[in-house]
Amino acid sequence: MMRLRHERARWLRRFCLAGTLALGAIPQAGADMLGHGGMVRALAVSPDGARVLTGSFDYTARLWNFDDQTPGPVLDAHFGPVNGVAWLPDGRRVVTGGDDRTMILWDVGRAKPIRSFKGHRAKVMAVAASPDGSRLLSGSWDRTARIWDSETGRQLRRFDHPSDLTAVAFGRGGRLIITGTRDGVLRLWRADDGGRIGELRGHGWVVTQIAVSPDGRLMLSASTDATVRLWDLGAQREIAILKGHEGPIYGVAFSPDGKLALSGGRDGTLVLWDVALRAQRRVIQTHMKPVWSVAFSRDGRFGLSAGSDGGVRVWHLATGDRIGIPGEGDDRPKPWLASRHPGAKLYRKCAACHSLTQTGPRRSGPHFVGLFGRRAGAVAGYNYSDALRGTGIVWNEKTLFALFDKGPDIYVPGTKMPVQRIPHPDELHDLISYMRELTANRIPAPPPAPEKSN
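Rules and cut-offs
- Residues numbered from 1 in each chain as written.
- Predicted model: local features only at pLDDT ≥ 70, side-chain atom pairs only at ≥ 80, totals over all residues.
- Heavy atoms only, no water.
- Buried < 20%, exposed > 50% of the residue type's maximum accessible area, 1.4 Å probe, protein only.
- Helix = DSSP H or I, 4+ residues; strand = E, 2+ residues; numbered from the N terminus.
- Pairing = 2+ DSSP bridges.
- Axes fitted to C-alpha atoms, helices over the stretch in contact; angles between N-to-C directions.
- Parallel < 35°, antiparallel > 145°, perpendicular 65-115°, else oblique.
- Left-handed = near helix turned anticlockwise from the far one by under 90°.
- Contact = heavy atoms within 4.5 Å.
- Expected span 1.5 Å × (residues − 1).
- Arc of directions from axis to C-beta.
- Polar contact = N/O pair within 3.5 Å; in protein donor to acceptor, adjacent residues only side chain to side chain.
- Salt bridge = Lys/Arg side-chain N within 4 Å of Asp/Glu carboxyl O.
- Core = buried A, V, L, I, M, F, W, Y, C linked by side-chain atoms within 4.5 Å.

Engineer: How would you summarise the pairing of strand 24 (residues 269-274) if you had to cite specific residues and measurements?
Structural biologist: Of all six residues in strand 24, six are buried; the element is thus mostly enclosed. Burial of the side chains of strand 24 extends over both faces: T269, V271 and W273 are buried on one face and L270, L272 and D274 on the other. Sheet topology places strand 23 (residues 260-265) next to strand 24; five bridges connect them, and they run antiparallel. Residue pairing across strands places S263 opposite V271, the latter belonging to strand 24. As judged from the six bridges shared by strand 24 and strand 25 (residues 279-285), these two strands associate in the antiparallel manner. Paired with D274 across the two strands is A279, which belongs to strand 25. What sits between strand 24 and strand 25 in their antiparallel hairpin is a turn of four residues, with R278 showing a positive phi close to 55 degrees.

Engineer: Which residues make up the sheet that holds strand 16 (residues 186-190), and what values go with them?
Structural biologist: What links the strands of a sheet is backbone hydrogen bonding, and the strands pair in either a parallel or an antiparallel sense. Spatially, the four strands line up as an open sheet ordered 14-15-16-17, and their pairing is antiparallel. Whereas interior strands pair on both sides, the edge strands pair on one side only; in this sheet they are strand 14 (165-171) and strand 17 (196-200). Each strand axis lies, on average, 20 degrees off the axis of its neighbour in the sheet, ignoring direction. Alignment of strand 16 against strand 17, held across four bridges, turns out to be antiparallel. In the strand pairing of strand 17, L188 is matched with G198.

Engineer: Give a detailed account of the packing of helix 3 (residues 397-406) against helix 5 (residues 425-440), specifying residues and quantitative values.
Structural biologist: The interhelical angle for the contact between helix 3 and helix 5, taken along N-to-C directions, is 130 degrees, at an axis separation of 10 Å. Taken together, the axes of helix 3 and helix 5 are oblique relative to one another. The handedness of the crossing between helix 3 and helix 5 is right-handed. Residues E397, L400, F401, F404 and D405 of helix 3 pack against P425, L428, H429, L431, I432, M435 and R436 of helix 5.

Engineer: An account of helix 5 is needed here, citing residue identities and associated values.
Structural biologist: With 16 residues, helix 5 ought to run about 22 Å at 1.5 Å a step, and its terminal C-alpha atoms sit 22 Å apart, in line with that. Within helix 5, the full set of buried residues consists of L428, L431, I432, Y434, M435, L438 and T439. Angularly, the buried residues of helix 5 cover 160 degrees about the axis, an arc narrow enough to put them on a single face. Summarising the geometry of helix 5, the exposed residues directed more than 90 degrees from the buried face are D426 and A440.

Engineer: Would you mind going over the sheet that holds strand 3 (residues 51-56) in detail, with residue names and values included?
Structural biologist: Spatially, four strands are ordered 2-3-4-5 in an open sheet, and the strand pairing comes out antiparallel. Two strands lie at the open edges of the sheet, namely strand 2 (40-45) and strand 5 (71-75), each paired on one side alone. The mean angle between the axes of side-by-side strands here comes to 20 degrees, regardless of whether they run parallel or antiparallel. For strand 3 and strand 4 (residues 61-65), the ladder comprises five bridges, and the chain directions are antiparallel.

Engineer: Just give me the short version of the side chain of S223, but keep the residues and values in it.
Structural biologist: As for its placement among the helices and strands, S223 is situated in strand 19 (residues 218-223). With relative accessibility at 0%, the residue S223 sits in the buried group. Of note is the side chain of S223, whose polar atom sits 3.0 Å from the backbone nitrogen of D225. Leave out the neighbours within four places in its chain, and S223 touches H203, W205, V206, V207, T208, P248 and I249.

Engineer: I'd love a proper account of the pattern of salt bridges, names of residues and values included.
Structural biologist: Overall, the coordinates contain 20 salt bridges when judged by the stated rule. Across the salt bridge formed by D160 and R158, the nearest N and O atoms sit 2.8 Å from each other. Here R158 falls in the partly exposed class, since its relative accessible area comes to 45%. Across the pair R196 and E199 runs a salt bridge, and its minimum N-O distance is 2.6 Å. Judged by its relative accessible area of 43%, R196 falls in the partly exposed class. Given the relative accessible area of 30%, E199 is considered partly exposed. Within the structure, one salt-bridge network assembled from shared partners comprises D183, R187, R196, E199 and R201.

Engineer: For unusual backbone geometry, give the residues involved together with the corresponding values.
Structural biologist: At Y59, a position not held by glycine, the phi torsion is positive, near 80 degrees. Positive phi outside glycine occurs at R172, with the angle close to 50 degrees. Mapped onto the secondary structure, R172 falls in the loop between strand 14 and strand 15 (176-181).

Engineer: Which residues make up the environment of T152, and what values do they have?
Structural biologist: Following the sequence through the fold, T152 ends up in the loop between strand 12 (144-149) and strand 13 (155-160). Here the side chain of T152 touches R154 through a polar contact of 3.2 Å, landing on its backbone nitrogen.

Engineer: Which residues make up the nonpolar core, and what values do they have?
Structural biologist: Counting 27 residues, the largest nonpolar core has W336, Y347, L400 and M435 as its most contacted members. Within the residue set of this core, elements represented by two or more residues are helix 2 (344-351), helix 3 and helix 5. A total of six residues in this core trace back to one element, the largest contributor, which is helix 5. If sequence neighbours within four positions are ignored, M435 has contacts with Y347, F368, L371, F372 and L400.

Take a look at the structure:
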């Protein structure tokens, strides 16, 4: 019977993926994080900011490289949609929870399960890891939250609820357990003895996700009642109601410094909030379909949105621009793919964001026409970040070397360019040499189409 269930689950996963591919819903990976065969329900950024973990309706979790949005290993062991994902603080392990009533701890390096945590009698909807990584937390539609020992897999404590669990989190350095449920109530528990500390009421419908501020004082909760609510955890009181979405809100996150927040929902928008002012900073239209989960990059410059379209997109929050726009219909020559120049392979990352002609496909970065000797921020019509305007930088061998040697976030703080360092000087010199070669012998733009005669 177990074998039959296993084969049925595998067949359903292959059918889902094949059907999605047949509909053309999964373009080649490399711009956006595309590759899942179903909606992406969960999203988390690694402690070092270098990788992204996603969980999907296609029964898998996946790892991605944040800097160039390329895919890494697929974590394939669940027998149902993956609803929750989280990193452990060591950055070497992740945890996932799914419809198969199971939570799995994974070794990231080997992309293999370390152990499974079984005991829930309904789907696992949310997971979390304690700040020291010693305990894991799961929330299920069986109306329980459970704490587990991450090293032994033993269940340490169980928290019973009158309604299905939809969100869980640790607080106060792991001493506090926070749960959100379908009845709209947030409950606070002591982790050591399971005692209930209090209840936070205010949401009229399902609590979908919760986030605790980096300093542990505040909490955000998202709900299908179309509100995000800000709470003081110490005083156990509501501070503010944030309204900015039309319809249910599914994802919410604090920035690494706790000053900003992100929310995403059924309306397909990503809203950036100023936490102190309780006000919107920016509204970004992201996916054509709902946004299920949101996250900040480690430096807080970028926001990530995971949607029902099966992908994750990256946004520069200061400008609202999308990073890694795919070059649809780009049939222009790509000499770097055939070149034997030692810098050509490295240039492929540049090609994902920059065109070699003024009329090339729109990308997330400015074109490279006249790059050497060009002042930073000088391409007309391109939406530069304020950080780059007025720097006085002129792009040449020296400044380009500094950009990739130090990293864009250090060389030009606030730039929309993702963190892409090249730590090896020889490789960096090769890249700059090839960039000069390419931009000196530019691929000419095609002639304009002839006007039709009357």
